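# Structural features, examined
Letter by letter, the chains look like this.
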Amino acid sequence: MNMEAHNYTSLKEQVWNTLLCSGCSLCATVCPMKTIYFSDEMPVSYNLCKNEKDNVPCGACYSSCPRIDTYKDKYGLGPVLNAYTARSTIPIEKQQSGGAVTAILYNALERKLIDRVVTVGQDHTTMQTYSIALSTPQEMITHAGSKYIWYTPSLLALRDLIEAGITRKIAIIGTPCVMQALRKMMESDNAVLNRFKDHVALLIGVFCTEIFSYDRAMQLFKDASVHPADVKRIDIKKDMLLELYNGDTVTIPLPRDLMRRGCAHCLDFTAVDSDISAGSIGSYEGFTTLITRNRTGEYYLNSAIENGYLETSTLETLDKVETFAQRKYKRNKK
Ligand code: SF4
Ligand code: SF4
């Protein structure tokens, strides 16, 4: 298929209007005209597309969208080079599971193996999340802790970095759909994407069952008389369990429509397209499960071990991770 002949109108027809969109935000990130933006958690266009108006070859958005063709083949454990259970040796105040992702990227920034980390930040008063680029090991510590509960267009900081032209090697943390999009971009032969491809050094994917709409979740908080600033910790099980700073716990039943609609089509729990996948499932409390997918992933992980920032042992079985992966596949397979 000639991807460059397609523009956002094809995406709109095939992905936006059908509610297939995962919200990975790569279409908005790679558009050279910045004509794609997000409104009410969905991509929309300002209609400034040069391909549509003047026939200038592009198709950047279409070439990298994971919901065109490829997502149906992404599920299960994916390629596994090695599996570990790991924890950071660095004290991390808001540590999630073992803090292993923070330790790997702390080391990579300190050793200058990478220049920036694109991840998700969070406003602690409103719990609103946003795309952010971190440049120092200390910033990794400050922004540690998984925020992949609410939807946010998490790749927009990547666009700003590329436009600023000051970075050479960027690591990106993201959900499996974000990893799929970035891998598709890296493997695309669309020349418009080269200015991004050349700078992506490391992809770290987080295990993901689904992601929730921030606005709808905040309405549930309001209905339960909970202010987001009072929430210390959120645990998602059958219900949403909130642990408050005053010691109280609040249970909020999870309505089905809280999940972002595009997640209902997603089969990928483990982030099969990452260099390293990470999550708490499969390890004891206080540890992170890490799956290295390739030599790139092993290189960054081993560097953190060699420099004393990460403790690992081999994970004997990925059965539990596989169970979660199968559960998601069965739930969402159409
Ligand atoms: S899945 Fe990602 S690339 Fe595709 S339309 Fe949605 S936000 Fe854009
Ligand atoms: S379930 Fe997770 S990986 Fe899948 S589309 Fe939703 S956010 Fe993306």
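Above this text is the structure in question.
Residues numbered from 1 in each chain as written. Chains lettered and ligands numbered in written order. Predicted model: local features only at pLDDT ≥ 70, side-chain atom pairs only at ≥ 80, totals over all residues. Heavy atoms only, no water.

## With respect to the sheet that holds strand 10 (residues 249-253)
Sheet strands pair by backbone hydrogen bonding; their relative direction is either parallel or antiparallel. Put simply, the test is: In this description, strands pair whenever DSSP reports at least two bridges between them. The helix count covers DSSP runs of H or I at least four residues long, the strand count covers runs of E at least two residues long, and both are numbered beginning at the N terminus. Axis geometry follows a simple rule: fit a line to the C-alpha atoms, using only the stretch in contact for helices, then measure angles between N-to-C directions, giving values from 0 to 180 degrees.
Sheet architecture is open: three strands sit in the order 8-9-10, paired in antiparallel fashion. One side of each edge strand has no neighbouring strand; the edge strands of this open sheet are strand 8 (231-236) and strand 10. Across this sheet, the average inter-strand angle for adjacent strands is 20°, counted without regard to direction. Note that strand 8 and strand 9 (residues 239-244) share five bridges and pair antiparallel. Looking across to strand 9, one finds that Val231 is bridged to Leu244.

## Digging into the layout of surface pockets
Put simply, the rule is: Any residue with an atom within 4 Å of a point lines the site, the site being either a cavity, points on a 1 Å grid over the protein atoms alone where a 1.4 Å probe fits but cannot get out, or a pocket, an open set with protein on both sides within 12 Å along at least 5 of 7 lines. Grid points are joined across faces, edges and corners, and a volume is the space filled by probe spheres set on the points. Amino acids outside the nonpolar list (Ala, Val, Leu, Ile, Met, Phe, Trp, Tyr, Cys, Pro) and the charged list (Asp, Glu, Lys, Arg) are all regarded as polar, and Gly is one of them. The start and end points of each domain follow an automatic or database-based domain assignment.
In this structure, the second largest pocket encloses a volume near 220 Å³. Surrounding the second largest pocket, Leu19, Cys21, Asp40, Glu41, Met42, Ser213, Asp215, Arg216, Arg260, Arg261 and Gly262 form its lining. Grouping the amino acids of the lining of the second largest pocket by side-chain chemistry returns three nonpolar, two polar and six charged. When residues of the lining of the second largest pocket are assigned to domains, at least three map to each of domain 1 (3-70) and domain 2 (72-211 + 260-332).

## Notes on the pairing of strand 2 (residues 42-45)
Operational definition: Exposure classes here rest on a 1.4 Å probe applied to the protein chains alone. A residue is buried below 20% of its type maximum, exposed above 50%, and partly exposed in between.
Every second residue of strand 2 is oriented toward a common face, the buried set being Pro43 and Ser45 and the non-buried set Met42 and Val44. Examined bridge by bridge, strand 1 (residues 36-39) and strand 2 share four bridges and lie antiparallel to one another. Bridged to Ile36 within strand 2 is Ser45. With antiparallel pairing between neighbouring strands as the criterion, strand 1 and strand 2 make up a hairpin whose turn holds two residues, including Asp40 at a positive phi of roughly 50°.

## A look at the nonpolar core
The cut-off we apply is this: To form a nonpolar core, buried Ala, Val, Leu, Ile, Met, Phe, Trp, Tyr and Cys residues must be joined to one another through side-chain atoms within 4.5 Å. Throughout, a residue-residue contact means that at least one pair of heavy atoms, one from each residue, lies within 4.5 Å.
Ranked by internal contacts, the top residues of the largest apolar core, which has 36 residues, are Ile104, Leu105, Ile114, Val117, Leu290 and Leu310. Ranked by residue count, the leading element in this core is helix 5 (residues 100-110), at eight residues. Every residue in contact with Leu105, bar those within four places of it in the chain, is listed here: Ile114, Val117, Met140, Ala171, Ile173, Leu202 and Ile204. Listed in part, the 24 residues of the second largest apolar core include Leu26, Ala157, Leu182 and Met185.

## Some details on a nonpolar patch on the surface
Keep this limit in mind: Without a salt bridge and with relative accessible area above 30%, a residue can belong to a patch; like charges are then joined within 9 Å and nonpolar side chains (Val, Leu, Ile, Met, Phe, Trp, Tyr) within 5 Å. Values of accessible area rely on a 1.4 Å probe in the Shrake-Rupley scheme; residue burial ignores everything except the protein chains shown. Think of a salt bridge as a Lys or Arg side-chain nitrogen and an Asp or Glu carboxyl oxygen that are within 4 Å of each other.
A grouping of Met33, Tyr37, Tyr46 and Leu48 is seen on the molecular surface, where their side chains present a nonpolar patch of about 370 Å² in accessible area. Mapped onto the elements of the fold, Leu48 is located in the loop between strand 2 and helix 3 (50-54). For Leu48, a relative accessible area of 43% gives the class partly exposed.

## Observations regarding helix 11 (residues 295-306)
Note the following rule: To estimate how far a helix should reach, multiply one less than its number of residues by 1.5 Å. Whenever a nitrogen or oxygen atom comes within 3.5 Å of another N or O atom, the pair is scored as a polar contact, on the condition that within protein one atom can donate a hydrogen and the other can accept it, and that pairs from neighbouring residues in sequence are kept only if both atoms are in side chains.
With 12 residues, helix 11 extends 16 Å from end C-alpha to end C-alpha; this agrees with the ideal 16 Å at 1.5 Å per step. Turning to helix 11, its buried residues are Gly297, Glu298, Tyr300, Leu301, Ser303 and Ala304. Two or three places before Thr296, at the start of helix 11, stands the capping residue Asn294, its side-chain oxygen 3.2 Å from that residue's backbone nitrogen. Following helix 11 by one or two positions, Gly308 adopts a phi angle in the positive range, close to 80°.

## A few points about the site of ligand 1
The line we're drawing: Throughout, the term near means that a residue has one or more heavy atoms lying within 4 Å of the molecule or strand in question. Grid points define the cavity or pocket, and a molecule sits in it when more than half of its atoms lie within 2 Å of them.
Neighbouring ligand 1 are Val15, Trp16, Cys21, Ser22, Gly23, Cys24, Ser25, Cys27, Phe38, Cys65, Pro66 and Arg67. Here ligand 1 is seated within the second largest cavity. Class assignment for the residues of the shell around ligand 1 results in eight nonpolar, three polar and one charged.

## What to know about the pattern of salt bridges
When charged atoms on two side chains of opposite charge get close, those side chains can pair. A complete count under the given rule lists 10 salt bridges for this structure. What you see here is one network of salt bridges that share partners, running through Lys232, Arg233 and Glu243.

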